Amino acid sequence: MILFHLAPTRVLAVWRRNFLVWKQLAGASMLGNFGDPFLYLLGLGYGLGAYIGDMGGIPYMAYLASGILCSSAMNTATFESLYSAFTRMNQQGTWESMLATPVRVQEIIAGEQIWAATKSLISGTAIFLVAGLLGGIQQWETALLALPVIFLIGLAFSGPALAICAISPSYDFFLYYFTLAVTPMFLFCGVFYPIDTLPNPVQLIAQLLPLTHAVALIRPLLTEMPLTLPWLHVGVLALYAAGGFTLATRLASRRLIR
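This part is about helix α10 (residues 210–222). Between its first and last C-alpha, α10 extends 19 Å over 13 residues, near the 18 Å set by a 1.5 Å rise per residue. Most of α10 is tucked away: twelve of the 13 residues are buried. Here α10 has its buried residues at P210, L211, T212, H213, A214, V215, L217, I218, R219, P220, L221 and L222.

Structure representation (structure tokens):
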């Protein structure tokens, strides 16, 4: 199986199928993706921010907004690639139906991954606009560059989540992934505070995680903080996206093709 030998029209067909289904439930979906980050920005940005003042030389609202934007992209892509994808794979039999057509496993995974990244971009754009209204964006000259980065973040988190989806026996299995991977990244990868305040071993681990690099890219684009090593951060996110795609394709093939 040649993993990256993809037919764009087939990938687009998988993406379009998911988009048409989502469009019928877009209101409820957007509320779920948008509600929690909005409350974090209001509650912590104004409440906690009044006591903290500046962090890293910028107002805490601006510091927090960039972190919440990244974590929202992570959560949106992860939920879509776990719960929604598992429903299509296991409960509805959608993936098996697609395999009865010329669509192959790698094209299903690619379509799912791009769709999850699209949802990250949709919800991230809404949070981006709210962050701007709340004063969380300082550098409008570079802020719009954050939007394609949000899409890349969605790809980076969707790939590994689809790999977990492919081996999951039930929805309950996803709790392991959230407890062992998603929640630690949310807490220790620079969303709420600089990672250099953490013990050295934890800092080293955090540097290996994709959310750290997502925050390191997004925060300087939205604030007055300097952007350092951008290609390293882009490379790490791209590596997670490509590696997750490869692993998810192989695991899904074992499960679906007998």
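So much for the structure itself; the text now carries on.
Attention shifts here to unusual backbone geometry. Positive phi, close to 50°, is recorded for L229, a residue that is not glycine. Its place among the elements puts L229 in the loop between α10 and α11 (230–256).

At their nearest, the axes of helix α5 (residues 105–133) and helix α7 (residues 146–167) sit 7 Å apart, and the two run at 135° to each other. Here α5 lies oblique to α7, going by the angle between them. Between α5 and α7 lies a crossing of right-handed hand. Together, I109, E112, Q113, I114, A116, A117, T118, S120, L121, G124, T125 and F128 of α5 and L147, I150, F151, G154, L155, S158, G159 and L162 of α7 make up the contact between the two elements. Partitioning the contact of α5 with α7 into residue classes produces eleven nonpolar, eight polar and one charged.

What counts and how
Residues numbered from 1 in each chain as written. Predicted model: local features only at pLDDT ≥ 70, side-chain atom pairs only at ≥ 80, totals over all residues. Heavy atoms only, no water. Helix = DSSP H or I, 4+ residues; strand = E, 2+ residues; numbered from the N terminus. Expected span 1.5 Å × (residues − 1). Buried < 20%, exposed > 50% of the residue type's maximum accessible area, 1.4 Å probe, protein only. Axes fitted to C-alpha atoms, helices over the stretch in contact; angles between N-to-C directions. Parallel < 35°, antiparallel > 145°, perpendicular 65-115°, else oblique. Left-handed = near helix turned anticlockwise from the far one by under 90°. Contact = heavy atoms within 4.5 Å. Nonpolar A, V, L, I, M, F, W, Y, C, P; charged D, E, K, R; others polar.

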